[in-house]
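# Architecture and fold: a report
The residues making up each chain are set out below.
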Amino acid sequence: DAGVIQSPRHEVTEMGQEVTLRCKPISGHNSLFWYRQTMMRGLELLIYFNNNVPIDDSGMPEDRFSAKMPNASFSTLKIQPSEPRDSAVYFCASSQRAARTDTQYFGPGTRLTVL
Amino acid sequence: AQSVTQLDSQVPVFEEAPVELRCNYSSSVSVYLFWYVQYPNQGLQLLLKYLSGSTLVKGINGFEAEFNKSQTSFHLRKPSVHISDTAEYFCAVRSGNQFYFGTGTSLTVIP
């Protein structure tokens, strides 16, 4: 199994630009999670999907952030416009179900730098 | 809401010495507990998890953790660490539909 795939691995952009992060979950997994990791705030859950439907987006910081999951094998996290404070590592994770006991499998992350 | 506290942000330890990484959480009502490890420039990997049953949970790489409901703790231990254990370790709690992570403990194994 290829695991969770994220692209790009690194992204450097200028303030005000649109950024799109991509994630391919493990095949057969029905739940997908987006996290942000920073030194100051640690790991934060931004949003998660179950069967392609957003279930909880309470962690999305503001309207500049949006996430979609058009099908079971692809999700995007978009920031428009980006700001320097958005610089972080963004992780995507998937699990077989949204059950509390299910293990989440993490991708390698996208390191975003907004200048 | 839950909170997860990892009191030690950095733990240096000599090779082959034992180590304990501490984790406390705020509420023991229907929680499931996890420890993840993050190696440099990589995503998180599951070390072990407690769902129910025996309070002593064994994981990969020789790690184990003990669930203590009365103290709301889930400390991670290893009797003898290796250089390759140098990494960031995250305690996590699943409560309801939410997943809460601690701020992480950086374990550095000194040769």
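Going by the structure above, here's the rest.
Rules behind the numbers
- Residues numbered from 1 in each chain as written.
- Chains lettered and ligands numbered in written order.
- Predicted model: local features only at pLDDT ≥ 70, side-chain atom pairs only at ≥ 80, totals over all residues.
- Heavy atoms only, no water.
- 1 Å grid on protein atoms, 1.4 Å probe; cavity = no way out; pocket = protein on both sides within 12 Å on 5 of 7 lines; lining within 4 Å.
- Points joined across faces, edges and corners; volume = space filled by probe spheres on them.
- Helix = DSSP H or I, 4+ residues; strand = E, 2+ residues; numbered from the N terminus.
- Nonpolar A, V, L, I, M, F, W, Y, C, P; charged D, E, K, R; others polar.
- Pairing = 2+ DSSP bridges.

### Brief notes about the layout of surface pockets
Of the voids in this model, the largest pocket is the one considered here, and its volume is about 680 Å³. Taken together, 32 residues make up the lining of the largest pocket; nearest its centre are Gln37(A), Met39(A), Arg111(A), Gln38(B) and Glu88(B). Put simply, the parts of the chain that give the lining of the largest pocket at least two residues each are β4 (31-38), β9 (88-95) and β11 (110-114) of chain A together with β10 (87-95) and β12 (105-110) of chain B. The biggest single contributor to the lining of the largest pocket is β11(A), with 4 residues. When the residues that make up the lining of the largest pocket are grouped by side-chain class, the tally is 11 nonpolar, 18 polar and 3 charged. A volume near 160 Å³ is recorded for the second largest pocket. As for the second largest pocket, its lining consists of Arg41(A), Gly42(A), Leu43(A), Glu44(A), Leu45(A), Val4(B), Gln98(B), Phe99(B), Tyr100(B), Phe101(B), Gly102(B) and Thr103(B). Of all the secondary-structure elements, those providing two or more residues to the lining of the second largest pocket are β5 (42-50) of chain A together with β11 (98-101) of chain B.

### Observations regarding the pairing of strand β8 (residues 74-79) of chain A
Residue and element names in this part refer to chain A. Bridge analysis of strand β3 (residues 19-24) against β8 gives 5 bridges, and the strand direction is antiparallel. What sits directly across from Arg-22, in β8, is Thr-76. Strand direction decides the pairing type here: strand β7 (residues 65-71) and β8, joined by 5 bridges, are antiparallel. Pairing of Asn-71 across the sheet is with Phe-74, part of β8. Remark: 2 residues form the turn of the hairpin made by β7 and β8, two consecutive strands paired antiparallel.

Remember, this is a structural readout, not a statement about activity or role.
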